[in-house]
Amino acid sequence: MITLYTFASPNGQKASILLEELGLTYKVHKVDLVAGEGRQPDYLAVSPIGKIPAVVEDLPGGRKRRLFGSGAILLHYAERTGRLLPEDEDERAEALSWLMLGVSDLGPSGLSKFRFAVMAPEKIPYAIDYFKGELQRIHAAMEERLGVSDYLAGGAFSIADIACFPFVAVAAKAEGNVLDRYPNLKRWHDAVAERPAVKRGMAVPE
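So, here's what we can say about the structure. All values derive from a computational prediction rather than experimental measurement.

As for the packing of helix α3 (residues 70-81) against helix α6 (residues 159-174)
And step 1. Interhelical geometry of α3 versus α6 gives an angle of 155° and a closest axis separation of 10 Å. Taken as axis vectors, α3 and α6 run roughly antiparallel relative to one another. The crossing of α3 and α6 is right-handed. Counting all contacts with α3, which are made through Leu74, Leu75 and Ala78, the residues of α6 involved are Ile159, Ile162 and Ala163.

Okay, here's the thing in structure tokens:
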């Protein structure tokens with residue numbers, strides 16, 4: 001059994017989309033980050049800095065295995081199942097590169113823009129403009145890639161798309177016309193959004 005520790009955020013949605021796409025059985029434990037549950041000792045034993053997502057696998061003999069962080073979870077289950085990661089070496093290289101971009105660039109830039117533009121008690125124009133510019137740079141790179149490829153890794157949907165989709169989706173929802181500047185990115189976003197497993201994963205936790 002897999003227990004997914006998550007919250008209604010793009011990072012959490014990456015893990016639930018993955019599990020839904022793979023058809024793996026899992027149960028959901030909602031981590032109430034607003035109430036501070038992420039800082040409690042029980043959860044820190046699962047995710048050392050209290051972030052989501054994380055999973056715990058119940059293994060034979062009473063053993064447990066933890067994975068924390070969306071990148072580790074996506075890569076672990078793709079490798080374990082042999083799915084959502086291309087076999088072709090060139091497409092695999094693209095998949096891993098865009099996967100890491102989603103984890104290390106797109107996600108942090110989106111979250112940082114939100115923190116400085118919405119949550120911060122003092123609005124700092126430099127910080128807001130900086131992360132807005134970073135997002136535009138990333139969206140432009142995705143636009144170029146998706147102009148020559150159906151999906152980020154190549155011709156097939158992969159963990160690279162899962163790593164990036166929730167943050168593009170939240171940007172599209174927050175700024176309704178953001179995708180109008182990027183027709184290839186919009187085409188990709190709309191196609192991914194219609195996948196049944198993606199719809200189910202985006203709704204976790206309820």
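What to know about the environment of Ser109
And step 1. Within the element layout of this structure, Ser109 appears in helix α4 (residues 89-119).
And step 2. For Ser109, the residues in contact, after removing those within four places along its chain, are Phe131, Glu134, Leu135 and Ile138.

As for the nonpolar core
And step 1. By size, the foremost hydrophobic cluster in this structure holds 47 residues, and its most contacted members are Leu18, Tyr77, Leu106, Met142 and Trp188.
And step 2. Elements with a contribution of two residues or more to this core: β1 (2-6), α1 (10-22), α3, α4, α5 (125-146), α6 and α7 (183-193).
And step 3. For this core, the domains that each give at least three residues are domain 1 (2-82) and domain 2 (89-195).
And step 4. Counting eight residues, the second largest nonpolar core, distinct from the first, contains Tyr43, Val46, Ile52 and Ala54.

Examining the packing of aromatic side chains
And step 1. In the structure shown here, the tally under the stated rule is six aromatic pairs.
And step 2. Judged by centre distance (5.7 Å) and plane angle (45°), the ring pair of Tyr5 and Tyr43 falls under tilted. Placement of the pair is Tyr5 in strand β1 and Tyr43 in helix α2 (residues 41-44), with a sequence separation of 38 residues.
And step 3. On the basis of relative accessible area, Tyr43 is assigned to the buried category, the value being 4%.
And step 4. An angle of 20° between the planes, with centres 6.3 Å apart, marks the rings of Tyr126 and Tyr130 as stacked. Taken as a pair, Tyr126 and Tyr130 lie in helix α5 at a separation of four residues, close to a single helical turn.
And step 5. The exposure class assigned to Tyr130 is partly exposed, which follows from its relative accessible area of 42%.

Criteria and cut-off values
- Residues numbered from 1 in each chain as written.
- Predicted model: local features only at pLDDT ≥ 70, side-chain atom pairs only at ≥ 80, totals over all residues.
- Heavy atoms only, no water.
- Axes fitted to C-alpha atoms, helices over the stretch in contact; angles between N-to-C directions.
- Helix = DSSP H or I, 4+ residues; strand = E, 2+ residues; numbered from the N terminus.
- Parallel < 35°, antiparallel > 145°, perpendicular 65-115°, else oblique.
- Left-handed = near helix turned anticlockwise from the far one by under 90°.
- Contact = heavy atoms within 4.5 Å.
- Core = buried A, V, L, I, M, F, W, Y, C linked by side-chain atoms within 4.5 Å.
- Buried < 20%, exposed > 50% of the residue type's maximum accessible area, 1.4 Å probe, protein only.
- Domains from an automatic or database assignment.
- Phe/Tyr/Trp six-rings, centres within 6.5 Å; stacked < 30°, edge-to-face > 60°.

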